[in-house]
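# Coordinate analysis (summary)
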Amino acid sequence: MYQTALLLLSGPLRFAIESIGPYLKWTNKKVAYRLYIKLEPELYKPFSKSDTVSLKRLSTIVPVLYDKASSMCKHVDVRILLGNTEQSQIIRDKPWNFDAILTNCENPKDINNYIELYFGKCSGNIIKLNDINNTVHNEEVESTFFDFQTYKTVCLGGTFDRLHNGHKVLLSESVLKCSEELIVGITETEGLKKKVLWELIESTEKRIEDVSEFLRKSTQLYTMKWFPFQTYMDLQLQSLI
């Protein structure tokens, strides 16, 4: 049993929805704490913020993957990595430590080069997963896409008590739509006292810490601000999620 693992899937993004189920079932038996998922159509051409086609696909796929993770990996903290290699050179909070790297990639050299480029030098057993053949009709996948637009400044807010997959979808969608600055509002304890059992909600500091850790590690976002959620009307915003 591994504590933390990376699931690196290469290939067309449109196949991720169908192929992720069997992978999650397999990793559910092998991972005890946290599973990071990285989707890369081509290892040598990581997506960027200027690639609106990939952003569209990710915006469609991410909620589905988290939904599947909620039912197939209930005890595992699943996190989909959205950052690119350029950002990974900037953010180095601490070394990445994976007990195992699970992948469908064929060439071990390609895997090692990618891991070193994106995550730096990190240890971990590389486990080649058996290929899973799935048939997905392009028309069906494309029909789920919608008009996608990015904004310089994006704002979202909430309580974010005990970070769960619904929070992760909201945060991920905000990051995909944000080109420069993400502003996150956290409801302070004083504003929660009308809720039932409000005293069981985590402290403001703990909730900020958890959201910040998710954004910095899972999305590699490094331009973000925090504010009390009740004051968002005073902000200059382009998009409110």
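Attention here is on the structure that accompanies the text. Along each chain, the written sequence defines residue order, and numbers are assigned to residues from 1. Totals for whole chains, interfaces and linings use all residues, but because this is a predicted model, local features are given only for residues with pLDDT of at least 70 and pairs of side-chain atoms are given and counted only at 80 or more. The side-chain figures draw on all heavy atoms in the structure; neither hydrogens nor water molecules are used.

## Considerations on the environment of Ile127
- What counts as a helix is a DSSP run of H or I of at least four residues, what counts as a strand is a run of E of at least two, and both are numbered from the N terminus. Checked against the element boundaries, Ile127 lands in strand β5 (residues 125-128).
- As for Ile127 and Asn104, which are separated by 23 residues in sequence, their C-alpha atoms are 8.7 Å apart.
- Two residues form a contact once any of their heavy atoms are found within 4.5 Å. With near-sequence residues (within four places) excluded, Ile127 lies in contact with Tyr2, Trp26, Ala100, Ile101, Leu102 and Thr103.

## Overview of helix α4 (residues 108-119)
- Between the first and last residue of a helix there are one fewer steps than residues, each counted as 1.5 Å, and that sum is the expected span. With 12 residues, α4 extends 16 Å from end C-alpha to end C-alpha; this agrees with the ideal 16 Å at 1.5 Å per step.
- Type-normalised accessible area, obtained with a 1.4 Å probe on protein chains alone, sets the label of each residue: buried when under 20%, exposed when over 50%, and partly exposed for intermediate values. Buried residues of α4: Ile111, Tyr114, Ile115, Tyr118 and Phe119, and no others. End-on view of α4: buried residues confined to an arc of 100°, all on one side of the axis.
- Positive phi appears at Gly120, one or two residues downstream of α4, with a value of about 80°. Throughout, the arc means that of the directions going from the helix axis to the C-beta atoms.

## Observations regarding the packing of aromatic side chains
- Pairs were defined over the aromatic rings of Phe, Tyr and Trp, the Trp ring being its six-membered one, requiring ring centres within 6.5 Å. Orientation was assigned from the angle between planes: stacked under 30 degrees, edge-to-face over 60, tilted for the rest. Enumeration according to the criterion identifies five aromatic pairs in this entry.
- Seen in terms of ring centroids, Trp96 and Phe98 are 5.7 Å apart; in terms of plane orientation they differ by 35°. Their pairing is tilted.
- Measuring from ring centre to ring centre gives 5.0 Å for Trp96 and Phe119, while their planes differ by 75°; the resulting arrangement is edge-to-face. One end of the pair, Trp96, is in the loop between α3 (85-88) and β4 (100-103); the other, Phe119, is in helix α4, with 23 residues separating them in the sequence. Each member of the pair, Trp96 together with Phe119, is buried.
- One aromatic cluster in this structure is built from Tyr36, Trp96, Phe98 and Phe119.
- Over the aromatic face of Trp26 sits the side chain of Lys30, whose NZ or CZ is 5.7 Å from the ring centroid.
- A positively charged side chain is recorded as over a ring if its NZ (Lys) or CZ (Arg) lies within 6 Å of the ring centre. The angle to the ring normal must also be within 35 degrees. The cationic tip of Lys217 hangs over the ring face of Trp96; the distance from NZ or CZ to the ring centre is 3.7 Å.

## Digging into helix α2 (residues 52-72)
- The terminal C-alpha atoms of α2, which comprises 21 residues, lie 30 Å apart, in line with the 30 Å expected from a rise of 1.5 Å per residue.
- Think of it this way: the bend at a residue is just the angle between two axes, each fitted to seven residues, one set ending at that residue and the other starting at it. In α2, a bend of some 30° at Ile61 exceeds every other bend along the element, and Pro63, a proline, comes one to four places later.
- Residues of α2 that are buried in the fold lie against α1 (16-28), β2 (31-40), β3 (77-81), α6 (165-177) and α7 (204-219).

None of the figures reported here should be taken as evidence of function without further support.
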